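Inside the fold
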Amino acid sequence: MSADARFLAAEPGCHLFPGEGEAGCGFEAPSVGMFSPEPWLGGIPGSDGIDLYLVLLLVALGASLLLWSWFSKKLNLVPGRRQGVGEMFVLFIRDQITRPTMGAKGDKFIPLMTAIFTLILFMNVSGLIPGMLPVNSDLSFPAMFALFIFVLTLVVGMRQQGGWGYIRNQIFPPGMPKPIYILVTPIEALSVFLIRPLTHALRLFATMFAGSLLLAVFAYGGWYMLSLGAEPALAGLSVLFSGAALIGYLLFFLFEILIMLVQAFIFTLLASLYLNGSLESAH
Amino acid sequence: MDIAAIEGSINSVGYGISVIGAGIGVGLVFGMGMQAIARQPEARGPLQTNIFLGFALIEALAILGFVLAFAI
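Computed from a predicted model, the values in this text were never measured in an experiment.

All names here are of chain A. Running from amino to carboxyl end, helix 7 (residues 180-225) crosses helix 8 (residues 232-279) at an angle of 170°, the nearest separation of the two axes being 8 Å. As the angle between them shows, helix 7 and helix 8 are arranged roughly antiparallel. Considered class by class, the residues forming the contact of helix 7 with helix 8 number 16 nonpolar, nine polar and two charged.

Structure (C-alpha cells):
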C-alpha cells in the first residue's frame, strides 16, 4: 500500500451515495501507508531521502531553538514578562519532573529535560496541521530519543557507581533474601536493559501513530460520506452523516492536543526516572 | 458451512483484547495511587515516582500488543 491510499477517498465522485450516472465505489480507509510519504529527493543511500518527516523535524528543531533563544535573550536578575514566562516553563520542568524523581542532585539535568520536552512537544504538534504528520509517528525519531536516554543512563550510572556496581545495583536489588534473586534477576535484567528503552520509544510512537490515524479516518470518512450529488433525500442524510464525522473529528482533535502534551510530559518524566536509577544506587 | 467467517487479519481484535488487561492495570495503579496520596499527602513525591514506574511497566504490555498487531 503506497501513499496514494490517503488521497483515494478524496477523489471526486467517490462518495457514499453515488449521483446520477456515477459509479459508486467503496470506502478506502487511510492505512498505514499514509505514514510513509513519497520522498521529494530519494536515492540517498541508507535513508528514506528528503521527505515530509525530515522537513517537519527541521521546522520543530528550529522552532524550539528560536523559542528558547528568544526566552533567554538579555537575561536580567529581575525578570521581565518574556523572561518570566520562560522561567515559568523551566520551573514547571523542575518542580513537576526532575525534583520529584531525582531530587536536588538532578538539577544539572534540567536543561536537558527542558530541551527534550520542548522538542518532543513541537515534533508532536506538527500533526495538528491538516495534511501534516506528527514527526514522532515515524518510529525512528522516538527511537533515537530513547537510545540517547538509554546510553545516557548507562554512562551516568557507570560514572556514579562504577561499571559493575551499576549493573549489580540494577539486576540484584539489595535487601532481598538470597533465593528470591533466581526470580528477580532475569526479570530485572530484561526489564532494565531491553523492555525499558524499547517501550520508552514505542509509547511515544504508538500514541502519535494511532492518534493521527484516527484523525485521518474521521477526516476521510467525513469527506466520503458527504455526497451532495445524490438525490435530495440522500444528500441531506449524507450531510448529517458527515456532520457527525466532523464533530467526531473536532472532539478527537482536542483530545489529540491533550495526548500530545501528556506524551511529551511522560517521555520526559520517564527519562528522568530512568536517570534517577543511575544517580542513586538503590531505593 | 461457515457460520462465522472472518477474512483478513484479526490482529487488531487481538490487540483490543490485550488492552483490556493493561487498561485494568493502569486504572488500578492510578486509582490506588490517588488513594495513597489522599491518605498521606506529604508522601506525594515518592508515591508519584512509583505510580509512574508501575504505569510504565503495565503500559509496556499494551505497547507490546500494539507492536505485535502490526508485526505478525
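Here we take up the packing of helix 5 (residues 140-161) of chain A against helix 6 (residues 163-171) of chain A. All names here are of chain A. It is the contact of helix 5 with helix 6, at a shortest axis distance of 6 Å, that shows an interaxial angle of 110°. Comparing their axes, helix 6 and helix 5 come out roughly perpendicular. Residues Gly157, Met158 and Gln161 of helix 5 pack against Gly163, Gly165, Tyr166 and Asn169 of helix 6. Residue composition of the contact of helix 5 with helix 6, grouped by class: two nonpolar, five polar and no charged.

Listed by partner, the interface residues are ten residues for chain A and eleven residues for chain B. Elements that contribute at least two residues to the side of chain A that touches chain B include exactly helix 3 (81-102), helix 7 and helix 8 of chain A. Per-element accounting of the side of chain A that touches chain B gives the leading share, five residues, to helix 7 of chain A. Classifying every residue of the side of chain A that touches chain B by side-chain character gives seven nonpolar, two polar and one charged.

Below, the discussion takes up the environment of Ala115(A). All names here are of chain A. In this structure, alanine 115 sits in helix 4 (residues 110-125). The class for alanine 115 is partly exposed, based on 15 C-beta atoms found within 10 Å. Counting along the chain gives 50 residues from alanine 115 to leucine 65, while the straight-line C-alpha distance between them is 8.8 Å.

Each value, and the rule that gives it
Residues numbered from 1 in each chain as written. Chains lettered and ligands numbered in written order. Predicted model: local features only at pLDDT ≥ 70, side-chain atom pairs only at ≥ 80, totals over all residues. Axes fitted to C-alpha atoms, helices over the stretch in contact; angles between N-to-C directions. Helix = DSSP H or I, 4+ residues; strand = E, 2+ residues; numbered from the N terminus. Parallel < 35°, antiparallel > 145°, perpendicular 65-115°, else oblique. Nonpolar A, V, L, I, M, F, W, Y, C, P; charged D, E, K, R; others polar. Contact = placed C-beta atoms within 7 Å. Buried ≥ 20, exposed ≤ 12 C-beta atoms within 10 Å, placed from the backbone.

Distances and angles like these do not, on their own, reveal function.
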